[in-house]
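Coordinates in review
Chain residues, written in single-letter form:
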Amino acid sequence: MDLGKGLRTAMAKLTGAKLVDEAAVKEFLRDVQRVLIANDVPVKLVFELSKRIEKSVLGEEQAKGLSLREQVVRSIYDELVALLGEKYEPDLKPRRILLLGLYGSGKTTTCGKLAQFYKKRGLSAALVCADTDRPAAYQQLQQLGAKCGAPFHGIENEKDVKKILQKHLPLIKEDIIIVDSAGRSGFDEELVKQLKTIVDEVQPQEKILVMSADIGQTAARQATEFHQAVGLTGVIITKLDGSGKGGGALAACHAAKVPVLFIGLGEKLEDLQAFDSKKFVGRLLGFPDFEALMEKIKEVGEQEKLQETEMDKLTLGAFYSQLKAARKMGPLSSVFGMMGMQDMPADMMKTSEDKLKRYEAIISSMTKYERDNAECLRKQKGRIERVAKGAGVKPEEVRELLTQFEKMANLVNGFKKNRGLRKKLEKMLGKSGMDMNKLQGMMGGG
Ligand code: GDP
Ligand code: MG
């Protein structure tokens, strides 16, 4: 299972548990351990991480004002961020960058991506082909240069790297000079020799090892080998879009004290990001901005006491609460999302703030009977018009709300026919009905 999916599943299990006690936390930590180890995160790091979480959550030092659920989520987030290392702030000063690494790791592609990255930030960039091994290396880099508007330098079919560099480097006036080098299928003397020649000629301020995410925790060994040979300033991990092992590569680099500078997330020029562990973890867990989410969970908790959802029969009131919560915190925050019904109809997710206000007005213009038995509104003449008048909206808008509600009610009904899920749902909500607020607070999904 890939890292993100595994973590989200573990989170959903924890947040969906009716009662989060010590046993539930321990089970959660076991799940997390399994997922991390299966994704090539070094075992030692995994055990250290889970020990720290256990201590911070179950130990004496519990943070005040947070539920156990909240604490676990907070803690796993912080620990994952720490596991992956620092955020990288690219330096926007003119300099020379050498990319190196094994065959197919993504060096040439990354040269183009870097040129584009710096150009977007107002610097000029030039590309130099110092890969004299691969026949097509010259054309590949030339095309990338043309695509992002970075001048390209090289000598086609020239086998002497020195010649190329001595002739072309003096011609380059751009701020950022990016040099592509040849790879090998493995780390060997021949490669080191060639890299040393290039380093001597270029005198790069940055020597960056490019590695593909799918090598997992062997990234640490590779980085160490290259570092001892030519002295690295950092690494770029590519193909994080395709590999579930990316977490392993990132964690291993951090443990080996080689900073991850950028990550590659696709084949296109724009698929490069300066590495930011918070952003990365947020994405793994399914929330682009985790900090803001935690804030919001609290805020919502204070502002409104959402009513418990009677899942036997979805009422308009419960529907409205869900709609509002989903808008505030994202699709996975609602009970529906947590149950795996992530495809709340897209138009519902996009309900505007303004529209929500009008829906609120509409619902508050209904009698309790109407709220609990929405079907009567369409069946009995005059009700829709009365509600519309009371809320100061057109009858069409009341119908629109009812249509959305009916869509959701259908989803819930279909859902209830599924016995397995139904059991899970009942367990979650409990006989006494659970505080919706807490449920929503503790999202998950996945
Ligand atoms: P090199 O041999 O190290 O120069 O590697 P290349 O730059 O030629 O890349 C090898 C292959 O990996 C090409 O097909 C690239 O399109 C692909 N590639 C490079 N970076 C990424 C990435 O971040 N994501 C994905 N999905 N593919 C990538
Ligand atoms: Mg190449």
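Worth saying up front: this structure is predicted, and the values here are computed from it rather than measured.

Structural notes on the confidence of the model for the protein
Of the residues in the protein, 78% have a pLDDT of 70 or more, and the chain-wide mean is 82. Across residues 300-311, confidence stays below pLDDT 50; counting only partners more than four residues off in sequence or on other chains, it has 31 contacts. Scored below 50 in pLDDT, residues 338-343 shows 21 contacts in the model against residues more than four places distant or in partner chains.

Quick look at the packing of aromatic side chains
For any pair of aromatic rings, geometry is given as the distance between the ring centres together with the angle between the planes. In total, this model carries six aromatic pairs according to the counting rule given. Here the aromatic rings of Tyr 88 and Phe 262 are separated by 5.4 Å at their centres, their planes lie at 75°, and the arrangement is edge-to-face. Here Tyr 88, found in the loop between α4 (68-84) and β1 (95-100), pairs with Phe 262, found in strand β7 (residues 260-264); they are 174 residues apart in sequence, far enough to count as distant. Take Tyr 88 and Phe 262: they sit in the same class, and that class is buried. Look at Phe 117 and Tyr 118: their rings are 5.3 Å apart centre to centre, the planes differ by 85°, and that puts the pair in the edge-to-face class. Across the pair, exposure class does not vary: Phe 117 and Tyr 118 are buried alike. Taking the ring centre of Phe 117 as reference, the NZ or CZ of Arg 121 above it sits at 3.6 Å.

Section: empty space enclosed by the protein
For the structure on display, the rule yields two cavities of 30 Å³ or more. What the largest cavity holds in volume is close to 50 Å³. Of the residues forming the lining of the largest cavity, the biggest block, three residues, is contributed by α4. Each residue belonging to the lining of the largest cavity can be placed in one class, and the counts come to eight nonpolar, one polar and no charged.

Regarding the site of ligand 1
Near ligand 1 you find 18 residues, and of these Gly 104, Lys 107, Thr 109, Asp 241 and Glu 267 are the closest. Here Thr 108 contributes a side-chain N or O atom positioned 2.8 Å from an oxygen atom of ligand 1. Between ligand 1 and Gly 264 there is a distance of 3.4 Å, counted from an oxygen atom to a backbone nitrogen or oxygen. Starting from 580 Å² of accessible surface for ligand 1 in isolation, the protein chains cover 81%. Here the shell around ligand 1 takes four residues from helix α5 (residues 107-120), the largest share from any one element. The residue inventory of the shell around ligand 1, partitioned by class, reads three nonpolar, nine polar and six charged.

Observations regarding the pattern of salt bridges
One pass over the structure, following the stated rule, counts 19 salt bridges. Ionic pairing is found between Arg 74 and Asp 78, a salt bridge with its closest N-O pair at 3.7 Å. Taken together, the positions of Arg 74 and Asp 78, both in helix α4 and four residues apart, correspond to about one turn of that helix. Classification of Arg 74 by relative accessible area gives partly exposed; the value is 23%. Its relative accessible area of 38% is what places Asp 78 among the partly exposed residues. Because the salt bridges share partners, they merge into one network encompassing Glu 22, Lys 26 and Glu 54.

Topic: unusual backbone geometry
Look at Asp 40: it is not a glycine, yet its phi comes out positive at around 70°. Relative to the assigned elements, Asp 40 resides in the loop between α2 (22-38) and α3 (43-58). Owing to a relative accessible area of 19%, Asp 40 belongs among the buried residues under this scheme. You will see that Lys 239, though not glycine, has its phi angle at about 60°, which is positive.

Observations regarding the packing of α4 against helix α11 (residues 277-285)
Packing of α4 against α11 leaves a shortest axis separation of 9 Å and a crossing angle of 130°. In this view, α4 runs oblique relative to α11, as classed from their interaxial angle. For α4 against α11, the interelement crossing comes out right-handed. Facing Tyr 77, Leu 80, Val 81 and Leu 84 of α4, the residues of α11 in contact are Ser 277, Lys 278, Phe 280, Val 281, Gly 282 and Leu 285.

Considering the environment of Glu 27
Relative to the helices and strands, Glu 27 resides in helix α2. Along the sequence, Glu 27 and Ala 10 sit 17 residues apart, while their C-alpha atoms lie 9.1 Å from each other.

Cut-offs applied
Residues numbered from 1 in each chain as written. Chains lettered and ligands numbered in written order. Predicted model: local features only at pLDDT ≥ 70, side-chain atom pairs only at ≥ 80, totals over all residues. Heavy atoms only, no water. pLDDT = per-residue confidence, 0-100. Contact = heavy atoms within 4.5 Å. Phe/Tyr/Trp six-rings, centres within 6.5 Å; stacked < 30°, edge-to-face > 60°. Helix = DSSP H or I, 4+ residues; strand = E, 2+ residues; numbered from the N terminus. Buried < 20%, exposed > 50% of the residue type's maximum accessible area, 1.4 Å probe, protein only. Lys NZ or Arg CZ within 6 Å of the ring centre and 35° of its normal. 1 Å grid on protein atoms, 1.4 Å probe; cavity = no way out; pocket = protein on both sides within 12 Å on 5 of 7 lines; lining within 4 Å. Points joined across faces, edges and corners; volume = space filled by probe spheres on them. Nonpolar A, V, L, I, M, F, W, Y, C, P; charged D, E, K, R; others polar. Near = heavy atom within 4 Å. Polar contact = N/O pair within 3.5 Å; in protein donor to acceptor, adjacent residues only side chain to side chain. Areas by Shrake-Rupley, 256 points an atom, 1.4 Å probe, with all protein chains shown as cover. Salt bridge = Lys/Arg side-chain N within 4 Å of Asp/Glu carboxyl O. Axes fitted to C-alpha atoms, helices over the stretch in contact; angles between N-to-C directions. Parallel < 35°, antiparallel > 145°, perpendicular 65-115°, else oblique. Left-handed = near helix turned anticlockwise from the far one by under 90°.

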